[in-house]
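# Survey of secondary and tertiary structure
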Amino acid sequence: MKYNHIIHIGLGKVASSSLQNEVFPVIVKCLSQYQCVTPENDPDNLLTLIRRVLRNIASEAERIRIMNLLAKNNYFISYEGLISWNPNFWDESIVRLNNLFGANCQIIVVFRLYEGYLKSIYQQALATGMQLKPEEYFLSNVKKFRTEEMYENRSFYLDYYNPDFLVSKLSSEFTSIKSYYLEDSEFLNKLFDGLKIDLGRDELRDVINNFNFKRKNISYNRLSMNIVFIIMPIMKFLYVTDYTNFCKYSCSSLQEVPIRARFFLFLSRAIKKIHLLDRLLRIFSRVFPGKKFRLIIGIRGYYK
């Protein structure tokens, strides 16, 4: 069966960039009827249009343009902005995907094992300016925290993190769903097989033999994380990277922000831009060798 589009939903921290750079271009060579679209290969600015439509901020002209492109071409799309990283918003994201692409699509979704995935999510959030400890970021009682504005958009709701639910919901909206776990030693073989690609091709064998999603992962050590947890209250007090008071201005230009908030918001964006916290964690992890940081979810005391 020919699908209108093949869509890889990048959940974040599941090797999406490596797949986009090393695997999917080779796949599209074998599926010549599809045009590969990734953040590094998007000549029609399709991903920008997709992001604007999914966020409901696209103009009527942009909506018409993207619908024309999707009607005229068959795409292999891989993009991390297709669905929220936060499981709290999965339901809404899937409905919007169906409204945009239609049901006749093959969906590819890749997961990681629970502990490793949540650890990577948390480290990524720290590196990009989030100032919450694990027990504040990972919330297991949605009803308790849902009405608190400071947690609403910045925390990860564990109650909703259920890969089986996501696959089930996608299956109810789209024709074909293929799900895989990154740690599976046969992951790429199963991916190629699911797309009906001949595994005998030499270029595919090279991809399988050389692909290593772990090589770019950073694992901070326990001492460096404890140092950062000590620094956090100071940074919060200075409003350097804490968005609690500025969240409604996070997508605004500085001219739209009250004068008293402009300095701190500018500083916050500058620090986020240079990934200051990530740099500190990397330095601490090299200077202070020790046990690797572990994230434990569901137990009183989230890290050790």
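Anything mentioned here points back to the structure above.
Quick caveat: nothing in here was measured; it's all calculated off a predicted structure.

### Some points on the overall build of the protein chain
When you go through the protein chain residue by residue, the secondary structure sums to 14 helices and 7 strands. Taking all 304 residues of the protein chain together, the buried fraction comes to 46%. Here the analysis covers contacts within the protein chain between residues at least 6 apart in sequence; of these, 72% occur between residues at least 24 apart. Here the protein chain displays about 15,900 Å² of accessible surface, and carbon together with sulfur accounts for 52% of that area.

### Focus on the environment of Lys119
For Lys119, the position within the fold is in helix α5 (residues 114-127). Look at Lys119 and you get buried, because its relative accessible area is 17%. Spatially, the C-alpha atoms of Lys119 and Pro134 are 9.5 Å apart, while their sequence positions differ by 15 residues.

### Regarding the sheet that holds strand β1 (residues 5-9)
Spatially, the 5 strands line up as an open sheet ordered β2-β3-β1-β4-β7, and their pairing is parallel. Each edge of the open sheet carries a strand with a single partner, namely β2 (35-37) and β7 (176-181). Strand-to-strand twist of the sheet, defined as the mean angle between neighbouring strand axes without regard to direction, takes the value 15 degrees. Relative to strand β3 (residues 75-79), β1 runs parallel, the two being bridged by 5 bridges. Its bridge partner being in β3, Ile6 is matched across the sheet by Phe76. Helix α2 (residues 46-54) rests against β2 and β3 of the sheet, and its axis sits at about 65 degrees to β3.

The rules we used
Residues numbered from 1 in each chain as written. Predicted model: local features only at pLDDT ≥ 70, side-chain atom pairs only at ≥ 80, totals over all residues. Heavy atoms only, no water. Helix = DSSP H or I, 4+ residues; strand = E, 2+ residues; numbered from the N terminus. Buried < 20%, exposed > 50% of the residue type's maximum accessible area, 1.4 Å probe, protein only. Contact = heavy atoms within 4.5 Å. Areas by Shrake-Rupley, 256 points an atom, 1.4 Å probe, with all protein chains shown as cover. Pairing = 2+ DSSP bridges. Axes fitted to C-alpha atoms, helices over the stretch in contact; angles between N-to-C directions.

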